[in-house]
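Analysis of the macromolecular model
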Amino acid sequence: MEPTRQRKNLVLCAALALLWPVLFYQYVSDATLLTDAKITWLVLTPIVIAVNFVVTRRMLLRGIADAALFLSVGAALGLTGASILKASETVTLLEYLWLPVGIAAAIFHYRPSSADPYTRP
């Protein structure tokens, strides 16, 4: 299975979709458990995912949508990793379990592919 741009984006969207309910539950149960950065991520991520499903490959905004998606995954990895390194009591088991999934999605996204227009020579 050749990793096309569409497949790579789908993997990133799936990784984000796995983490979003975990943070949303934390926000609903006690909003003080989340930092402002995590709350911002929580609000923007569904928009980024929706845009990636709406914007087609031929649209001019495709590159921006791809960049926003990857930055959203990077933010999720960074915020989760920082919370773990900070030894925050607010980090849940599901966030610990999500971190390898997010890392694997990012690695898959960076995997060179001749079917991906960003990695063609």
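Not measured: the values here are computed from a predicted model. (Residues numbered from 1 in each chain as written. Predicted model: local features only at pLDDT ≥ 70, side-chain atom pairs only at ≥ 80, totals over all residues. Heavy atoms only, no water.)

Here we look at the packing of helix H1 (residues 5-29) against helix H3 (residues 62-85)
One way to put it is that H1 packs onto H3 with a least axis distance of 10 Å and a crossing angle of 40°. When the axes of H1 and H3 are compared, the pair comes out oblique. Judged by the sense of rotation from one axis to the other, the crossing of H1 with H3 is left-handed. Between H1 and H3, the contacting residues are Arg 5, Asn 9, Leu 12, Cys 13, Leu 16 and Leu 19 on the first element and Arg 62, Asp 66, Leu 69, Phe 70, Ser 72, Val 73, Ala 76 and Thr 80 on the second. By residue class, the composition of the contact of H1 with H3 is eight nonpolar, three polar and three charged. (Axes fitted to C-alpha atoms, helices over the stretch in contact; angles between N-to-C directions. Helix = DSSP H or I, 4+ residues; strand = E, 2+ residues; numbered from the N terminus. Parallel < 35°, antiparallel > 145°, perpendicular 65-115°, else oblique. Left-handed = near helix turned anticlockwise from the far one by under 90°. Contact = heavy atoms within 4.5 Å. Nonpolar A, V, L, I, M, F, W, Y, C, P; charged D, E, K, R; others polar.)

Description of the nonpolar core
Nonpolar side chains tend to gather and get buried jointly when the protein is soluble and globular. In this structure, Leu 16, Leu 19, Trp 41 and Trp 98 are the most contacted members of the largest nonpolar core, which totals 20 residues. Of all the secondary structure elements, the ones that give two or more residues to this core are H1, helix H2 (36-54), H3 and helix H4 (93-110). Sequence-distant contacts of Leu 19, that is, excluding residues within four places in its chain, are made with Trp 41, Ala 76, Thr 80, Glu 95 and Trp 98. (Core = buried A, V, L, I, M, F, W, Y, C linked by side-chain atoms within 4.5 Å. Buried < 20%, exposed > 50% of the residue type's maximum accessible area, 1.4 Å probe, protein only.)

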